[in-house]
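A closer look at the structure
If you want the building blocks of each chain, they are given just below.
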Amino acid sequence: MREENEILLSTKGLSGGYGRVPILHGIDLEVAENEVVGVLGHNGMGKTTLLKTLMGFLPAASGQIRFRQTDLTRLPPNERSRLGLGYVPQGRGIFPQLSVRDNLRFAWHDFGAGTEAEVMENVLADFPRLTRLLDREGGALSGGEQQLLSLARCLMGDPDFLLLDEPTEGIQPSIIEEMAETLLKLREKRGLSILLVEQNFDFIADLSDRVLVLERGRITGTLSRTDLSDQAKVDQFLGFGAARGTRQETAAPGPTRALAKDRPVRRQSFPGSAPPAVSDTRHSNPSTVTIMTIKRPTLAQMRSMADRFGMSLSDEDLLEYTEIIEPYMQAYDRLDAMPDNLPEVRYPRSPGRFPDPSENPLNAWYVKTEVRGAPDGKLRGKRIALKDTICLAGVPMMNGSSIMEGYTPEIDATIVTRMLDAGAVIVGKAHCENFCLSGGSHTNAKGPVHNPYKRGYMAGGSSSGSAALVAAGEVDMAIAGDQGGSIRIPASNCGCYGMKPTHGLVPYTGAMPIEQTIDHLGPVTNTVADNALLLEVLAGEDGLDPRQYKPKVYSYTEALGRGVAGMRIGVLKEGFGHPNSETDVDHKVMMAAERFRDLGARVEEVSVPDHHVAMDAWTAITLEGLQDGMMWGNSTGTNYRGLFLPSMTDHMAQWRGRADELSHSLKTCMFVGEHFQRQYRGRFYGKAQNIMRRCNESYHAALKQYDLLLMPTLPIKPQPHPPADSSLSLYVQRAFEMVANTAPFNGGLPAMNVPCGFSEGLPIGMMLVGPNYGEMKIYQAAHAFEQSGDWRNM
C-alpha cells in the first residue's frame, strides 16, 4: 500500500505527553493514501496520547508531524482540520443536549465540499440509521448510536484522513459490525486514510492493512494482514494479554467454544461480585458480557495448570471449571477496563539522554536528565543521582539488566517527590548491578563501573554508580539501595558516607525490590552533614509501603556538632578476623576506634556470637525470598497492601524467555533459592526469619550496653574487576566475598559507612551500627570523627 500510494501522514521521532509526564518516545510511522493502519495496545500504553498529539490537542515535545508534506508539528487543531485531518475522540464527545441534526450542523465548515444541507445529505446517506434519529437529543441515543453520530459528525468536515480513538469501546457487537462495514465503504467511496487506535482485535484486524503494536509509548512491532491471521505471531507481539474481541469465538477461545456447543451454559455468580459488564445497556442482555479484554484459558492451559496442581481431572471436568470461572474472568475484564490508581507526577522533565563514553569515564551514569523541583527547600539546588532501581517518571530504567532495558516508569518514587518538593534537582540515573545481585561492580549489562580512585577496580555494588558519582564530585548526593550491603559496600569502596537506615524508615515505594524484609533505601554523600540533611527529607511514612511500621523520625542535622564525649562504643569482636580479612583493613578500623577514644568516647570490645549466625539467616531469607518475590513474583509478589506498578511487573516477566541474559551471580542465587523452595517447601526461609529475630535481639542486648557498635564495613579493600574471560567461580566470588559484616544488619538495624583511611591507594571504611531508629547517634559519632581530621590522611 505505501509503495503504491503517496505517503499522506508521517511522524519522525515524535515524543510528547501530558504536561510534566512524557508518554510517547520517538514514534516513527507512515500512513499512505487510502491505507488503514491500526494501532493496537493495552490500556495506558499511549494510544490516545498519540492521536491527541497528531491532532494538536497535546503539544509535541520533540520530533515532527507531516501531512501531505506540510509540517503540522506546531499548528493548532483547527488548522490541521482545514488541511484534511478529522478526529473521532474516545468517549464520542457529542453534545448530549443537542439534537442529532444540530450535532451534525455544528461540525460543518463553509470551506468544505458543499453547502450545509448538501454535506449533511451525503453524510446521512452513509449513516442511514441516523436519519430517523435527527430530532432526538444526543444524550438519548444508545452508546452505539452515539458512536455512529460521532463518526458522522467528523465527516461533516470532509476530511481526507481519520484519526479514530477506540470506536468500539462500550459498543454492542451488532453496532461494531455496522461501523466496520461503514468504514470500509467510506474508504472505498471517499478514498479515506485511517489511523485506528483500538483494543478490539477482531475490529482492527478486519479493517487494517497492517497493525502497529504500541507498548509504553514506543512502537514495538508491526503485524501485516498475513500476520494478523497467524495466532503465534499475534501472541508474540501482544505477549502478556490479548486485546478484546467482538466475536465470541475470539473472546472466549478453546474450551469456551466447545462448551457453548456441547451443553447449555449456566451463569455463575460469586459473593461480592459486581454484575457482568454490559457494553450498551439499551440493547444488550444485562447478563451477557460483550467486551472481553482478558484471554480465557484454553483446554490445554487448563490441563497444564491441573497437572501443576497435581489434580486428576477429565477434559469434561476442565470444561466445566472453565464455565464456572467465567464470572471471575469477567471481574478481570472490568478491572482491565478501569484506569489505574497511581500517584500524580508533579514536576516537568524530559526523558534525558544516554551519555557518551567521553563524559562517563567511570561508566557510572545510565541516563542524564534534569528534573527541577520546588524553587526552595532543604535541598535547594542540590544535584542528586538516583540508583537505577528507583522510578523517575518518563525516564528510562534498566536496573543493570538487559531484560529491563527499554522500560520507562510512569510514576515518581515517593522519595523522588519528597526530594523535588524540597528543592532538589534530579540529574539522572546511576548504573547499578544486574538486578542488584552483586557487591562487586562488574555485573551491569552495560559494563563494569570503575572505582574513582583506581580504574579497573571495584566501585562496590550494588549501588555502584551512586557512590562513584558522589566520590568523583559529579553530583552532590545520591540515593542507593541496600539488601545485603549495597549502600555501605560502594560507600566504603569509594570513600563516601553511606547510610542504611532502620528498615522502614525510608519508604521503598516506587523502587524495584528484591525481598521486602531486607529492602532499604538511603543516602550516599561526601559529608555527614549532607547525609543527615538528605535523610531528613527522605524519612517518614507514606502510607504505601508495607515495610513501614510507624517509623520514628527525627531532625537528624541536630545530631551534628555534639561530639562523642561520654558515648559508649562497642568494637564488635566478630567483625574482625574473617577468613578473607585483610590486615591493613582491620588495622585502619582499629585505629579509627582509638581516635574515638581520643575524642572522649568509651571504647571497649564486645562479643556478639550471633553475628556469624545472622549471615546464615540472611542467606536463606535473601535467596529464597528473591526467588519467590523478585523472580517468580516479577518484582511484585502478593500478600501485601501498597503501591503496585503493573508496567514494571509486565516488563520484569520477560526474564522467563531470556534467562540466559541474567548475570552469573543472580543465576547462582536462583539455583539455591529454587532448590530450597521446591525441596524444602520454604521451611528454611521461615526458620531463617525466626533466627534473624533472635540475632537482632542479641545485637539489641549489646546496644543496651553501648550506644553504637563499630567494625570494618568490609573485610577487604576494593578488588580488581575479574577479566572478561574469568571463570564463573571468580565472577561469583567477586560478587559476594565482601558481605560478611554488612548483610547481618539487613535484619533491620541502621548502619553507616564512615571512611577511615587509605591503603594501596584505595579507601577503607568502618561501619557504625545503632539501635532501631538510632540514626541520631550514628550521625553524632560520624560527624565527630569526620571533624577530627581528613580521613584520607589517617
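From a predicted model like this one, the values you see are computed outputs, not experimental measurements.

Considerations on the overall build of the chain
- A count of helices and strands for the chain gives 26 helices and 23 strands.
- Over its C-alpha trace the chain gives a radius of gyration of 31 Å, about what one expects of a compact globule, namely 28 Å for 794 residues.
- Overall size of the chain, expressed as C-alpha extent along the three principal axes, is 100 × 65 × 50 Å.
- The contacts of the chain with a sequence gap of at least 6 include a subset with a gap of at least 24, amounting to 75%.
- Carbon and sulfur atoms form 51% of the exposed surface of the chain, whose accessible area is close to 31800 Å².
- Of the side chains in the chain, 81 bear a positive and 94 a negative charge, and the two mean positions are spaced by 4 Å.

Section: the sheet that holds strand β9 (residues 210-215)
- The strand order across the open sheet built from six strands is β6-β7-β8-β3-β9-β10, with neighbouring strands paired in mixed fashion. Because the sheet does not close on itself, it has two edges, and the strands there are β6 (85-88) and β10 (218-224). Strand-to-strand, the axes of this sheet are offset by a mean angle of 20°, without reference to chain direction.
- In this sheet, strand β8 (residues 193-198) lies alongside strand β7 (residues 161-165) in parallel orientation, the contact comprising five bridges. Bridge assignment links L162 to a residue of β8, and that residue is I194.

What about the environment of E674?
- In this fold, E674 is placed in helix α23 (residues 664-680).
- Here the alpha-carbon distance between E674 and Q627, two residues 47 residues apart in the chain, equals 6.4 Å.
- Among residues more than four places away in sequence, those in contact with E674 are Q627 and W632.
- Here Q627 takes part through its side chain, which lies 2.9 Å from a polar atom of the side chain of E674.

What to know about empty space enclosed by the protein
- Taken as a whole and assessed by the stated rule, the structure comprises four cavities of 30 Å³ or more.
- Put simply, the largest cavity is a space of about 210 Å³.
- Lining the largest cavity are 17 residues; nearest its centre among them are G510, A511, P513, Y640 and L643.
- Its residues assigned to classes, the lining of the largest cavity comprises eleven nonpolar, four polar and two charged.

A look at the confidence of the model for the chain
- In the predicted model, the chain carries a mean pLDDT of 88, and 90% of its residues have values of at least 70.
- Overall, residues 239-244 carries pLDDT values under 50, and its contacts beyond four positions in sequence, including any with other chains, amount to 25 contacts.
- Of the regions scoring below 50 in pLDDT, residues 248-290 engages in 77 contacts with residues more than four places distant in sequence or in other chains.

Re the sheet that holds strand β21 (residues 708-712)
- Pairing is mixed across the open sheet formed by eleven strands, whose spatial order is β11-β13-β12-β16-β18-β17-β22-β23-β21-β19-β20. The two strands at the open ends of the sheet, each matched to only one other strand, are β11 (365-372) and β20 (602-606). Strand after strand, the sheet turns through a mean of 25° between neighbouring axes, direction not considered.
- With five bridges connecting them, strand β19 (residues 568-572) and β20 associate as parallel partners. Paired with L572 across the two strands is V606, which belongs to β20.
- Taken strand by strand, helix α17 (residues 464-471) contacts β11, β12 (383-387), β13 (425-430), β16 (477-482) and β18 (520-525), and its axis lies near 155° from that of β16.

Notes on unusual backbone geometry
- Note that the residue after G461, namely S462, is joined by a cis bond; omega there is 5°.
- Here S462 lies in the loop between β15 (454-458) and α17.
- Located in the positive-phi region is Q69, a residue other than glycine, with phi close to 70°.
- Turning to its location among the elements, Q69 is positioned in the loop between β4 (60-67) and β5 (70-71).
- Look at S635: it is not a glycine, yet its phi comes out positive at around 65°.

A closer look at the pairing of strand β17 (residues 497-500)
- Because side chains alternate across β17, one face comprises the buried residues Y497 and M499, and the other comprises G498 and K500, equally buried.
- Note that β17 and β18 share two bridges and pair antiparallel. The residue bridging Y497 from the neighbouring strand is T525, located in β18.

Concerning the packing of aromatic side chains
- Here the structure, examined in full by the defined rule, presents 14 aromatic pairs.
- Pairing F57 with Y87 gives two aromatic rings, centres 5.4 Å apart and planes at 45°, and the pair type is tilted. Taken together, the residues F57 in the loop between α1 (47-55) and β4 and Y87 in strand β6 connect sequence positions 30 residues apart.
- Given the relative accessible area of 46%, F57 is considered partly exposed.
- Summarising the aromatic geometry, the rings of Y680 and F684 are spaced 5.3 Å apart at their centres and angled 70° between planes, so their arrangement reads as edge-to-face.
- The class for Y680 is partly exposed, based on a relative accessible area of 34%.
- Through a chain of ring-to-ring contacts, the aromatic side chains of Y453, F758 and W791 assemble into a single cluster.
- In this arrangement the basic side chain of K454 is found over the ring face of Y457, its NZ or CZ atom lying 4.7 Å from the centre.
- One cation-aromatic arrangement involves R683 over F684; the distance from NZ or CZ to the ring centre is 5.2 Å.

Reading guide: rules and limits
- Residues numbered from 1 in each chain as written.
- Predicted model: local features only at pLDDT ≥ 70, side-chain atom pairs only at ≥ 80, totals over all residues.
- Heavy atoms only, no water.
- Helix = DSSP H or I, 4+ residues; strand = E, 2+ residues; numbered from the N terminus.
- Rg over C-alpha atoms; globule rule 2.2 N^0.38 Å.
- Contact = heavy atoms within 4.5 Å.
- Areas by Shrake-Rupley, 256 points an atom, 1.4 Å probe, with all protein chains shown as cover.
- Lys, Arg positive; Asp, Glu negative; His and termini not counted.
- Charge placed at Lys NZ, Arg CZ, Asp CG, Glu CD.
- Pairing = 2+ DSSP bridges.
- Axes fitted to C-alpha atoms, helices over the stretch in contact; angles between N-to-C directions.
- Polar contact = N/O pair within 3.5 Å; in protein donor to acceptor, adjacent residues only side chain to side chain.
- 1 Å grid on protein atoms, 1.4 Å probe; cavity = no way out; pocket = protein on both sides within 12 Å on 5 of 7 lines; lining within 4 Å.
- Points joined across faces, edges and corners; volume = space filled by probe spheres on them.
- Nonpolar A, V, L, I, M, F, W, Y, C, P; charged D, E, K, R; others polar.
- pLDDT = per-residue confidence, 0-100.
- Buried < 20%, exposed > 50% of the residue type's maximum accessible area, 1.4 Å probe, protein only.
- Phe/Tyr/Trp six-rings, centres within 6.5 Å; stacked < 30°, edge-to-face > 60°.
- Lys NZ or Arg CZ within 6 Å of the ring centre and 35° of its normal.

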